[in-house]
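Architecture at a glance
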Amino acid sequence: MIANIIVDVPSRQTDRPFDYKVPKSLQPWIELGSRVGVPFGPRVLQGVVVGLAEESEYDHSKLKPIKELLDPEPPLLPDLIELSKWLSEKYCCSRIAALQIMLPSALKGKEVKYIALSGAEQEQAYANSAWLQALRQEDGAIKLEKLMAMFPEEHRSIKQALQQGLLTLSGKVKDRTGIKQVRMVLPPADPEAAREQLAALKKQARKQYEVLSYLLEHPEPIALAQLVAKLNTSSSVVQGLAGKELVRIEDVEQKRDPYRHRQFEPSSPLPLTELQRHVYERIVKEMERKSGQTMLLHGVTGSGKTEVYLQSIAQCLDSNRQAIVLVPEISLTPQMVERFKSRFGDAVAVMHSRLSDGERYDEWRKIRHGQARVVVGARSAIFAPFSSIGLIIIDEEHESSYKQDETPKYHARDVAVRRAKQHGAVVLLGSATPSLETFVAASRIPKGAAEAPLLSMPERVAGQAMPTVHIIDMRQELTQGNRSMFSSALYEALKQRLERQEQTVLLLNRRGYSTFVMCRSCGYTASCPHCDISLTYHQKTRLLRCHYCGHAEQEPKQCPQCESEHIRFFGTGTQKVEEELAKLFPGIRVIRMDVDTTTEKNAHEKLLKTFSERKADVLLGTQMVAKGLDFPYVTLVGVIAADTTLNLPDFRAAERTFQLLTQVAGRAGRHHLQGEVMIQTYNPEHYAVQAAAQHHYEQFIQQELELRMGMMYPPYCRLICITMSAERLDQLAEVSTRFVNELKEIAQYEGVLVPLQSRMARAMEILGPVASPLARIKDRYRYQCVIKYRGSIDASTLVERAMEPFVAGKTSKQVLFSVDVDPQVIV
Ligand SMILES: Nc1ncnc2c1ncn2[C@@H]1O[C@H](COP(=O)(O)OP(=O)(O)OP(=O)(O)O)[C@@H](O)[C@H]1O
Ligand SMILES: [Zn+2]
Ligand SMILES: [Zn+2]
């Protein structure tokens, strides 16, 4: 038997399957998706089996055998193996990179596996097996590798016993994932008795007194290390108390189910509203057809999309299929997780980046072994090893975080569509503000269907009104002499909320790396004459640049539109806003939520909990506060400056702004209290701001589509961005020019190098090379080439072909290529 194996070498020349012999003893174990160790040159490397065959085209005698099996059960299923091929072709990445993202990181390290007896009765069936005797002698557990070496003839029966559950497999990954013990301090069992000792301690042992009084005040178990740090004391002090039997110290196993300590109130399905029912029925019908269809659920904020998800999932599970739910990382809040856990209990696995490798590995195993049938997770959960998927839900489908910005630069939505086709599953994309691409695609009626796969819920569940939105013209504030970042209207509104003890969400809209130039008097922003996107200010050179076409101009000293000198670079921090709030409203309780305050584990959770308990008046933050939150006492939402995203040098800037404003506005007045929203802006007439204020998605989309058509941007074409980087600028300039010429030649030869404005079905334009907006990173200069194309062109393959001489040739070590297919932002 021959196995085709992708070996873990990060090089393009070796990016293909290699043939290896499968030794007889390993034959029962090797399947598609098995992870193995194979000799490669002088080393033994990890590899993944992507094919099995009887024969090899190569000389049999020269083939090397597989050296070892790394997991007795293949961690990857055949559909994922196939998907990895598609992924590497579509996103121009190596096959091994595509396979690696599908594996939990715990498996990337080398794992030692133990086989153990499970204690099941049926061992009788194997009573005469030598391996059973051996296991009994060795206290019931033997290293897998050792057991296999001991009984080379009995692999089939060992495997069978494993599948029948008579044997279990315990994986112990070195370092990170071993069981964690934590030393805990338990508060006094008899607080009354302890209290009596306090007075005595106060005189004799001041430090013990402090610890004991703290524990009496906070009678919850606490980690010893944490207690010591908190009270600035030492562990011997605590041990002293334990010696007097006033407290107890115990080693407690740290549980790795991150939610095991939480109780989830079971919830039952709500009776659906008429809109919800209609949508639900169409989803169920589509699931029954096993069509692999993608559907869009366009529902305004608070329209009850989540309840539709929950009931559709229940239906999916009833028909014995599994479901994947993707939510953006930052909205994977406890609130969100709770809704799924409450409905489906232990059938839910949760995957997000704040889990440790060990925790994630445990969740992954629950999925792989069928204990979990629903996974709720961030982007990479799309690769959950389920065998029969019925439904894939992507909530807030417009979120750019579904695109991974490292290689492989995949978009979870496109992977979902592909995976759904493999399984005949339904993809349900949900959003109050669908991306243009999705909306346009979902508006088309598929061949043979009667309706477009567009489902809409235009009203809130209980018919609550959408919040009233006021647009505040910050230019007028300036002329009236208000230089504060709060307009008088927002100030008054905030004051009112404080008096009424209602809550406010404040959004400081800050995204992206770059600054832009704006006139504070008239709102003018510098934009490119050729591209209709704003120019990026480069501090070093003091130039304004367009990173799509390379246009550059001098930094302005006065506004070209109104000649004011109040023209400057924009940017305010959350910290500054917080200080200003404290000045304006002494005593105001503010929770600041941004990257600085949420790095610690569970910080996000704690901050939101405090806010939900109404222990704060204002939740101030970046994009994090815009999504998914559902707090009944929030009646005011303020946006400090809508313009920050509006002026990013990105053709999606208007779309992003519209989405963000709509989402954050949706946080106000979701329950019995009416909500109000204040958007401060220097561009009050901008169509994105106007449409968001009127909750008018269609109006926005019509205008935006016209603009995209005019400039030829998605959804009227697709993009690929190729970034080249090198330490030497002259070399970079030379190689990138040769590459672009090569690419043009190939496109010309294929007959697709045609202007997009033409009427041809297939067209492709190649722009650049120009300096990237981030022109130098880590001492490497960066150039880029952007491809725009439409029609049935396999552009990824053309790019691969053009790159080939450069990634294998003599400059391949100096000039590095990075390809981003369907980029979300171009950096
Ligand atoms: N059929 C129903 N009957 C009663 N209440 C419902 C029903 N469906 C949903 N709700 C409630 O309505 C509220 C809003 O629903 P949900 O959070 O699902 O909306 P959403 O569309 O996901 O909103 P967003 O996009 O703003 O996050 C929730 O408190 C939810 O429990
Ligand atoms: Zn001006
Ligand atoms: Zn330009």
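Chains are numbered independently. Their residues run from 1 in the order of the written sequence. Lettering for chains starts from A, numbering for ligands starts from 1, and both go in the order in which the items are written. For this predicted model, a pLDDT threshold of at least 70 governs which residues receive local features, and a threshold of 80 or more governs which side-chain atom pairs are given and counted, while totals over whole chains, interfaces and linings are taken from all residues. Heavy atoms from the whole structure form the basis of all side-chain values; hydrogens and water molecules are not counted.

Definition in use: UniProt positions are given in the numbering used here, feature names are shortened, and annotations may be inferred rather than shown by experiment.
You'll find the protein entered in an unreviewed UniProt entry as Replication restart protein PriA, with Paenibacillus montaniterrae given as the organism. Turning to the protein, the UniProt annotation filed under Function (unreviewed entry) states: "Initiates the restart of stalled replication forks, which reloads the replicative helicase on sites other than the origin of replication. Recognizes and binds to abandoned replication forks and remodels them to uncover a helicase loading site. Promotes assembly of the primosome at these replication forks." Per UniProt, the comment on the protein under Sequence similarities (unreviewed entry) is "Belongs to the helicase family. PriA subfamily."

**Quick look at the overall build of the protein**
Applicable threshold: Think of it this way: any DSSP run of H or I at least four residues long counts as a helix, any run of E at least two long counts as a strand, and we number them from the N terminus. Residue contacts are defined here by distance: any two heavy atoms, one from each residue, within 4.5 Å place the two residues in contact. Using a 1.4 Å probe, the Shrake-Rupley method yields the accessible areas, and only the shown protein chains count as cover for residues. For the purpose of charge, His is not counted, nor are the chain termini; Lys and Arg are scored as positive and Asp and Glu as negative. Where a charge lies is defined by one atom per residue type, namely NZ (Lys), CZ (Arg), CG (Asp) and CD (Glu).
On a plain count of helices and strands, the protein comes out with 25 helices and 33 strands. Dimensions of the protein along its principal axes, counting C-alpha atoms only, are 95 × 90 × 60 Å. In the protein, of all internal contacts separated by at least 6 residues, the share reaching a separation of at least 24 is 74%. A total accessible area of about 37800 Å² is found for the protein, and carbon and sulfur atoms account for 49% of it. For the protein, the centre of its 106 positive side-chain charges and the centre of its 99 negative side-chain charges are spaced 3 Å apart.

**Looking at the site of ligand 1**
Rule in force here: A single heavy atom is enough: if one lies within 4 Å of a molecule or strand, its residue is considered near that molecule or strand. Counted as a polar contact is a pair of N or O atoms within 3.5 Å, where, for protein atoms, one must be capable of donating a hydrogen and the other of accepting one, and residues adjacent in sequence contribute only when both atoms are in side chains. Each residue gets one label: Ala, Val, Leu, Ile, Met, Phe, Trp, Tyr, Cys and Pro are nonpolar, Asp, Glu, Lys and Arg are charged, and the others, such as Gly, are polar.
The environment of ligand 1 is made up of 18 residues, and the closest members are Pro-271, Gln-276, Gly-302, Lys-305 and Arg-670. At a separation of 2.8 Å, an oxygen atom of ligand 1 approaches a polar side-chain atom of Lys-305. The separation between an oxygen atom of ligand 1 and a polar side-chain atom of Arg-667 is 3.3 Å. Protein contact buries 80% of the 630 Å² of open area that ligand 1 shows by itself. A total of 3 residues in the shell around ligand 1 trace back to one element, the largest contributor, which is helix H11 (residues 305-318). Counted by class, the shell around ligand 1 contains 5 nonpolar, 7 polar and 6 charged residues.

**Concerning the side chain of Arg-419**
Going by this rule: Each residue is assigned to one of three classes by its accessible area relative to the maximum for its type, calculated with a 1.4 Å probe on protein chains only: buried under 20%, partly exposed between the two thresholds, exposed over 50%.
If you trace the backbone, Arg-419 turns up in helix H14 (residues 412-423). For Arg-419, a relative accessible area of 0% corresponds to the buried category. Excluding residues that lie within four positions of it along the chain, Arg-419 makes contacts with Asp-79, Leu-80, Leu-83, Ile-324, Ile-382, Phe-383, Ala-384, Pro-385, Phe-386, Ile-389 and Ile-392.

**Concerning the nonpolar core**
The cut-off we apply is this: What makes a nonpolar core is a set of buried Ala, Val, Leu, Ile, Met, Phe, Trp, Tyr and Cys residues whose side-chain atoms join them at distances within 4.5 Å.
Among the nonpolar cores identified, the biggest contains 118 residues, and Leu-87, Phe-383, Ile-722 and Phe-739 are the most heavily contacted of them. It is helix H24 (residues 729-749) that provides the largest number of residues to this core, a total of 7 residues. Beyond its immediate stretch of four places on either side in the chain, Ile-722 contacts Phe-739, Leu-743, Tyr-783, Gln-784, Cys-785, Ile-787, Val-799, Phe-817, Ser-818 and Val-819. Judged by nonpolar contacts, the second largest core, of 34 residues, contains Tyr-280, Leu-310, Val-325 and Ala-378.

**Re the coordination of the zinc ion (ligand 2)**
Around a metal, the idealised angle for a tetrahedral arrangement of four donor atoms is 109.5 degrees; for an octahedral arrangement of six donor atoms it is 90 or 180 degrees. Put simply, the rule is: Water is not among the atoms examined, so metal sites may look incomplete; donors are the N, O and S atoms within 2.8 Å of the metal, or within 3.2 Å for Na, K and Ca. By the criteria applied here, four donors are tetrahedral when all angles lie between 85 and 135 degrees, four are square planar and six octahedral when opposite donors are over 155 degrees apart and every other angle lies between 65 and 115, and any other arrangement is irregular.
Around the zinc ion (ligand 2), the protein contributes the donor atoms Cys-519 (SG), Cys-522 (SG), Cys-559 (SG) and Cys-562 (SG), at 2.3 to 2.4 Å from the metal centre. One way to put it: the 4 donor atoms around the zinc ion (ligand 2) meet at angles of 105 to 112 degrees, and that makes the site tetrahedral. Mapping the donors of the zinc ion (ligand 2) onto the primary sequence yields the spacing C-x2-C-x36-C-x2-C. Here Cys-519, found in strand S21 (residues 517-519), pairs with Cys-562, found in the loop between strand S24 (552-554) and strand S25 (567-569); they are 43 residues apart in sequence, far enough to count as distant. Classification of Cys-519 by relative accessible area gives buried; the value is 0%.

**Describing the sheet that holds strand S29 (residues 676-681)**
Note the threshold: Following DSSP output, two strands are said to pair if at least two bridges run between them. Angles shown run from 0 to 180 degrees and are taken between the N-to-C directions of axes, each axis being a line fitted to C-alpha atoms and, for helices, limited to the stretch in contact.
The strand order across the open sheet built from 6 strands is S19-S29-S28-S20-S27-S26, with neighbouring strands paired in parallel fashion. Strand pairing shows two members of the sheet lacking a second neighbour, strand S19 (468-473) and strand S26 (590-593), which therefore form its edges. Averaged over all pairs of adjacent strands, the angle between strand axes in this sheet comes to 15 degrees, irrespective of strand direction. As paired strands, strand S20 (residues 503-507) and strand S27 (residues 618-621) are joined by 4 bridges and run parallel to one another. By the bridge assignment for S27, Leu-506 is matched with Leu-620. Against the sheet, helix H19 (residues 603-612) makes contact with S20, S26, S27 and strand S28 (634-639), and its axis sits at roughly 155 degrees relative to S26, the strand it touches most.

**What about the UniProt feature "binding site: Zn(2+) 2" (unreviewed entry) in the protein?**
As annotated by UniProt and renumbered to match this structure, "binding site: Zn(2+) 2" (unreviewed entry) occupies Cys-528, Cys-531, Cys-546 and Cys-549. With respect to the helices and strands, Cys-546 occurs in the loop between strand S23 (543-545) and S24.

**Focus: the packing of aromatic side chains**
Aromatic ring pairs are reported here in terms of the distance separating the ring centres and the angle at which the planes meet. The cut-off we apply is this: Each pair of aromatic rings taken from Phe, Tyr and Trp, with Trp reduced to its six-membered ring, is defined by centres within 6.5 Å and is described as stacked if the planes are under 30 degrees apart, edge-to-face if over 60, and tilted in the remaining cases. Any Lys NZ or Arg CZ that is within 6 Å of a ring centre and within 35 degrees of that ring's normal is treated as a charge sitting over the ring.
All chains considered together, the criterion is met by 14 aromatic pairs. Arranged with centres 5.0 Å apart and planes meeting at 20 degrees, the rings of Tyr-491 and Phe-585 form a pair that is stacked. Separated by 94 residues along the polypeptide, Tyr-491 in helix H17 (residues 488-500) and Phe-585 in the loop between helix H18 (574-584) and S26 bring together distant segments of the chain. Among the residues examined, Tyr-491 registers a relative accessible area of 26% and is labelled partly exposed. For Phe-585, a relative accessible area of 6% corresponds to the buried category. Both rings, one in Phe-739 and one in Phe-806, keep their centres 5.9 Å apart while their planes meet at 85 degrees; by these two values the pair is edge-to-face. Taken together, the positions of Phe-739 in helix H24 and Phe-806 in helix H25 (residues 795-808) put the pair 67 residues apart, joining distant regions of the chain. Among the residues examined, Phe-806 registers a relative accessible area of 4% and is labelled buried. Members of the aromatic cluster, joined through ring pairs, are Phe-439, Phe-658, Tyr-687, Tyr-697 and Phe-700. Of note, Arg-365 hangs over the ring of Tyr-361, and the distance from its end group to the ring centre comes to 4.4 Å.

**Here's the deal with the pairing of S29**
Most of S29 sits out of view: 5 of its 6 residues are buried. Direction of pairing for S19 relative to S29: parallel, over a ladder of 6 bridges. Of the residues in S29, the one forming a bridge with Ile-472 is Gln-680. Across 4 bridges, S28 lies against S29 in parallel orientation. Bridge assignment links Gly-638 to a residue of S29, and that residue is Met-678.

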